[in-house]
Amino acid sequence: MSFISRKERRIPDLNTSSLPDLIFTVLFFFMIVTHMRSVPVNVLYRTPEGTQLTRVTKRASTTYIFIGKPLKQLQATMGDTVVVQVNDKFVPVARLAEVMKAEKERTEMNGDAEMTVVIKADRDVPMGLIADVKAALREANTLKVHYSASKVSSTPQRSH
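Residues numbered from 1 in each chain as written. Predicted model: local features only at pLDDT ≥ 70, side-chain atom pairs only at ≥ 80, totals over all residues. Heavy atoms only, no water.

1. Regarding the overall build of the protein
Counting secondary structure elements, the protein contains four helices and eight strands. Taking all 160 residues of the protein together, the buried fraction comes to 29%. Once local pairs closer than 6 in sequence are excluded, the contacts in the protein between residues at least 24 apart make up 71%. Of the roughly 12,500 Å² that the protein leaves accessible, carbon and sulfur atoms contribute 56%. (Helix = DSSP H or I, 4+ residues; strand = E, 2+ residues; numbered from the N terminus. Buried < 20%, exposed > 50% of the residue type's maximum accessible area, 1.4 Å probe, protein only. Contact = heavy atoms within 4.5 Å. Areas by Shrake-Rupley, 256 points an atom, 1.4 Å probe, with all protein chains shown as cover.)

2. Things to note about the pairing of strand β4 (residues 83-86)
Side chains Val-83 and Gln-85 project from β4 onto one buried face, and the interleaved Val-84 and Val-86 project onto a second face that is buried too. Hairpin connection between β4 and strand β5 (residues 89-90): a loop of two residues separates the two successive antiparallel strands, and Asn-87 in this loop has a positive phi of roughly 55 degrees. (Pairing = 2+ DSSP bridges.)

3. Side note on the side chain of Ser-148
When you line up the elements, Ser-148 lands in the loop between β7 (145-147) and β8 (150-151). Residue classification places Ser-148 among the buried residues on the basis of a relative accessible area of 19%. Not counting the four nearest positions on each side in its chain, Ser-148 is found in contact with Thr-47, Pro-48, Val-118, Ile-119 and Lys-120.

4. Some points on the pattern of salt bridges
Counted according to the given criterion, the structure contains two salt bridges. A salt bridge links Glu-98 to Arg-95; the shortest N-O distance between them is 3.3 Å. The exposure class assigned to Arg-95 is partly exposed, which follows from its relative accessible area of 41%. As a salt-bridge pair, Arg-106 and Glu-103 come within 2.7 Å of each other at their nearest N and O atoms. Here the residue Arg-106 and the residue Glu-103 both occupy positions in helix α3 (residues 96-109), the gap between them amounting to three residues, near one helical turn. (Salt bridge = Lys/Arg side-chain N within 4 Å of Asp/Glu carboxyl O.)

5. Here we look at helix α4 (residues 127-139)
With 13 residues, α4 should reach 18 Å at 1.5 Å per residue; the first-to-last C-alpha distance of 18 Å fits that figure. Of all the residues in α4, the buried ones are Leu-129, Ile-130, Val-133, Ala-136 and Leu-137. For α4, the angular spread of buried residues about the axis comes to 120 degrees, placing them on one side. Set apart from the buried face of α4 by more than 90 degrees, the exposed residues are Met-127, Arg-138 and Glu-139. Those residues of α4 that are buried are in contact with β3 (62-70), β4, α3, β6 (116-121) and β7. The positive-phi residue at the C-terminal boundary of α4 is Asn-141, with phi of around 60 degrees. (Expected span 1.5 Å × (residues − 1). Arc of directions from axis to C-beta.)

6. Focus on the confidence of the model for the protein
Put simply, the protein has an average pLDDT of 80, and 85% of its residues get 70 or more. Ranking the elements of the protein by mean pLDDT puts strand β2 (residues 49-50) last with 74 and α4 first with 92. (pLDDT = per-residue confidence, 0-100.)

7. Details of the pairing of β6
Of all six residues in β6, six are buried, a share of seventy percent or more. Here β6 shows two buried faces, one formed by Thr-116, Val-118 and Lys-120 and the other by Val-117, Ile-119 and Ala-121. Once the chain exits β6 it traverses α4 before rejoining the sheet at β7, and the crossover so formed is right-handed. (Right-handed = clockwise from strand over helix to strand, strands pointing away.)

8. Side note on unusual backbone geometry
A positive phi angle, near 55 degrees, is found at Asn-87, a position not held by glycine. Here Asn-87 is to be found in the loop between β4 and β5. In this structure Asn-87 comes out as buried when scored by relative accessible area, which is 12%. In this structure, Asn-141 takes a positive phi of about 60 degrees despite not being glycine. As for its position among the elements, Asn-141 is in the loop between α4 and β7.

Below is the structure:
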């Protein structure tokens with residue numbers, strides 16, 4: 001009788017040669033998809049609360065207008081009055097229309113069809129200033145405007 005010798009079967013090792021390619025692909029994906037804040041906010045603002053809120057979906061052609069008091073380190077040079085910041089620079093309300101026209105031209109040169117303006121104003125800013133900003137936006141023909149707000153807190157308010 002002859003004995004048939006059988007080889008012990010082994011599960012083959014996992015091929016990890018493509019693992020670095022996969023890791024770099026995922027890294028590049030997150031680098032491209034992640035939106036980094038490129039605008040330094042130099043204005044103190046507390047967003048007002050709202051109930052019917054939506055998100056801005058197309059951020060590439062979005063211009064941010066911050067309205068509020070300057071940060072503590074800037075109050076020594078700028079004072080304690082309410083200021084308007086467009087993207088990364090302070091703009092007087094009188095010049096806002098021409099700055100927004102230039103922003104709109106820059107957006108159209110990049111191939112975007114319509115520019116969206118997001119107003120992030122402090123809840124204590126006078127409504128007259130907001131009306132002046134809206135008038136300047138109308139003069140610059142930037143009519144797609146969103147207002148930033150936070151969701152109304154779910155804690156009930158006590159009334160006395």
